[in-house]
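Analysis of the macromolecular model
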Amino acid sequence: MAKIRVYQLAKELGVASKDLLIRLHELGYTHLKTASSGLTEEEVEKIKAIFFGEEEEKEEEVKVEEEKVEEKEVKEERKEEKEEIKRPVIEIDETVTVRELAEKLNVKASELIKYLLSQGIVATLNQRLDIDTATLVAHEMGYEVKLKQIFEEIEEKIKPENLVPRPPIVTVMGHVDHGKTTLLDTIRETNVAEKEAGAMTQHIGAYQIEFRGHKITFIDTPGHELFTAMRARGAQVTDIVVLVVAADDGVMPQTVEAINHARAANVPIIVAINKIDLPQANVSRVKQQLSEYNLIPEEWGGDTIFVEISAKKNIGIDELLELIILKAETMELKADPNIPASGVVIESKLDPRKGALGTVLVKQGRLKIGDAFVSGITGGKVRNMFDEWGKRVEVANPSQPVEILGFISPPQLGDTFYVVEDERKMRKIVEIRREEFERKKREGIKRISLESIYKEGVKILPLVIKADVLGSLEAIKDGIERIEHPEISLKIIHQGVGPITESDVILASASNAIIIGYNVRPDEKASKLSKEEGVEIRLYNIIFHLVEDVKKALEGLLTPIKREEVLGKAIVKKVFRISKIGNVAGCEVKEGKVVKGVNARIIRDGIVVGDAKISSLKRFKSDVEEVETGFECGIGFENFKDVKEGDLIEAYKVTEEKKRLE
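Attention now goes to the layout of surface pockets. To find leftover empty space, a probe the size of one water molecule is rolled over the atoms. In this structure, the second largest pocket spans a volume of roughly 880 Å³. For the lining of the second largest pocket, the secondary structure elements donating two or more residues are helix 11 (253–264), helix 16 (470–481) and strand 22 (489–497). Looking at which element gives the most residues to the lining of the second largest pocket, the answer is helix 11, with eight residues. Its residues assigned to classes, the lining of the second largest pocket comprises twelve nonpolar, eight polar and ten charged. Viewed by domain, the lining of the second largest pocket spans two of them, domain 3 (167–332) and domain 5 (456–557), each represented by three or more residues.

Here it is, written out as structure tokens:
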């Protein structure tokens, strides 16, 4: 008997698949993992009876809840209005000039220039002021300053009421020749594979298709090792990864890399087992291999969607597209089309005739011809836009990929793309970013290292592990995974056998990880890239030393134990008032010793009234470092003057002790 899938029942009931799954789990149907899970006819009838019985009661509850939310929002708005009646506030950013600041302060530019001169600052009308100077001037003239970024964060601009569903952005990943380009070719009904050198994708291409009234954007990332870096970028801009695995070939090294890239970017995976039409196809073997990487099919009790396809013969493609749409529905992907556009650069090139070109995937807002924009350390103005077919586009909507003509210089892959007010603003931002880029370049890139972990206070240690053979790799994993503590954790983001490659360095760089190598060495490209990216590579030939180094690094993550030691106690006999210094306590040390530079509690009638550093300690007129029991002394405190006769002074010091792992 054919089973009815959850998403089919959701359509019939007129609800989202995600909401139905939540309700089904509440009713005890926990075996239903995803929207593509199957239900028997008996289960469907029971669910329908429960669902329709709850509908009226639910509507009434929703209405009451909405009224409460509205009432709360009105109260909060009134409260905010009252709080706003304060000193006038102006907004400035790092690009503010003398002219702009004068306009915001409602003063003449000439007056502002005179004031700056009186403060020893020589400035011209169009000169940019640093934030500290601009803030100081504003305060002097009776204004509060709100510092805003050189471009507003896009999340702050998004209005929930304007959000509309957007198409999912899907990245197709997998090993060389497993059929990624053929799959996209079949979906788009074009013949990309034949046009490209060696039938392998040479750059990231983005395409948008329409299936049964729903749009889907595909990013075609190259599968072979040469372009691992570009694939890593692809995984960071996508909503869903379709992992293509050939049924005759099974899981290969780049299949594992693709899984790790997707997981590092927290992107859900849909597995497409391709080439099922071949006589040597073994679907069960592929499922078994992938289950070892925690990609377990629904029929085996897991929550990963598996689809059996033949890209060449167009088998299972419709089912794959339908499941992508259903997965996107449960993810509730939305965008605000009414804000300035923002997105990600997924391709970049320099055309000898057209100049700098960049393919941008719009994530929020609508991008229009004539918009000024910033992307990394470059920017420009949209002079023209083209879709994947080379047709001119006037407006690009969320999740739509477009090639843009108008960049000042070629952008970097993965750079964020923002529309700004005008070209003047764009040029100022680009100037600041380039200055910052050059400064950081001079200072050098700072990344995590085993020595810096304690100082940085990181609580997770991400690792990429490479070994000479599988046995060594398992022994290393076993050794470091035995190190446990509730405050810290190890995260192995990638592991493999063989030399340390460029792809390992790129993944470590994206995840701020350290690369550990056992009896292996980095190749020339990996070594060069690790220096450029500031990624630390640690090499070992003894497993014990490797595990000990990791253990020491993890100990550096632990919050140190703080121990307090009371050094001595003194009674205040008299308080002296000394000009320019303030109150000094004339004391007699009753217990232990009082030491200059340590902290002291001031206790009055059993209650601590102050805690301050001992800034001065005198015996008669001489400065001393410490005073022992039975002697008198004068004690001065840092930032505490309210000392009185009879107060108890308790001098103490706090020491930090490193925690150790067992």
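So, next bit.
Here we come to the packing of helix 5 (residues 109–118) against helix 6 (residues 131–140). Taken N-terminus to C-terminus, the directions of helix 5 and helix 6 make an angle of 110 degrees; their axes are 12 Å apart at the nearest point. Between helix 5 and helix 6, the crossing angle belongs to the class labelled roughly perpendicular. Contact residues: Leu 112, Tyr 115 and Leu 116 in helix 5; Thr 133, Val 137 and Glu 140 in helix 6.

The next subject is the pairing of strand 19 (residues 401–407). The buried fraction of strand 19 amounts to seven of the seven residues, a majority that puts the element mostly inside the structure. Bridge analysis of strand 14 (residues 355–364) against strand 19 gives five bridges, and the strand direction is antiparallel. In the strand pairing of strand 19, Leu 357 is matched with Leu 405.

As for its position among the elements, Ser 375 is in strand 16 (residues 372–375). When its relative accessible area of 0% is taken as the criterion, Ser 375 is described as buried. A distance of 3.2 Å separates a polar atom in the side chain of Ser 375 from the backbone oxygen of Thr 416. Setting aside residues up to four positions removed in sequence, Ser 375 forms contacts with Val 345, Phe 407, Pro 411, Asp 415, Thr 416, Phe 417 and Arg 433.

Counted by the stated rule, this structure contains 26 salt bridges. One salt bridge in this structure joins Lys 428 and Glu 100, with 3.0 Å as the shortest N-O distance. Of this pair, Lys 428 sits in helix 14 (residues 423–443) while Glu 100 is found in helix 4 (residues 98–105), placing the two residues 328 residues apart along the sequence. No difference in accessibility class separates Lys 428 from Glu 100, as the two residues are buried. In this structure, Glu 588 engages Lys 590 in a salt bridge whose closest nitrogen and oxygen atoms are separated by 3.5 Å. We classify Lys 590 as partly exposed; its relative accessible area is 45%.

Conventions adopted
Residues numbered from 1 in each chain as written. Predicted model: local features only at pLDDT ≥ 70, side-chain atom pairs only at ≥ 80, totals over all residues. Heavy atoms only, no water. 1 Å grid on protein atoms, 1.4 Å probe; cavity = no way out; pocket = protein on both sides within 12 Å on 5 of 7 lines; lining within 4 Å. Points joined across faces, edges and corners; volume = space filled by probe spheres on them. Helix = DSSP H or I, 4+ residues; strand = E, 2+ residues; numbered from the N terminus. Nonpolar A, V, L, I, M, F, W, Y, C, P; charged D, E, K, R; others polar. Domains from an automatic or database assignment. Axes fitted to C-alpha atoms, helices over the stretch in contact; angles between N-to-C directions. Parallel < 35°, antiparallel > 145°, perpendicular 65-115°, else oblique. Contact = heavy atoms within 4.5 Å. Buried < 20%, exposed > 50% of the residue type's maximum accessible area, 1.4 Å probe, protein only. Pairing = 2+ DSSP bridges. Polar contact = N/O pair within 3.5 Å; in protein donor to acceptor, adjacent residues only side chain to side chain. Salt bridge = Lys/Arg side-chain N within 4 Å of Asp/Glu carboxyl O.

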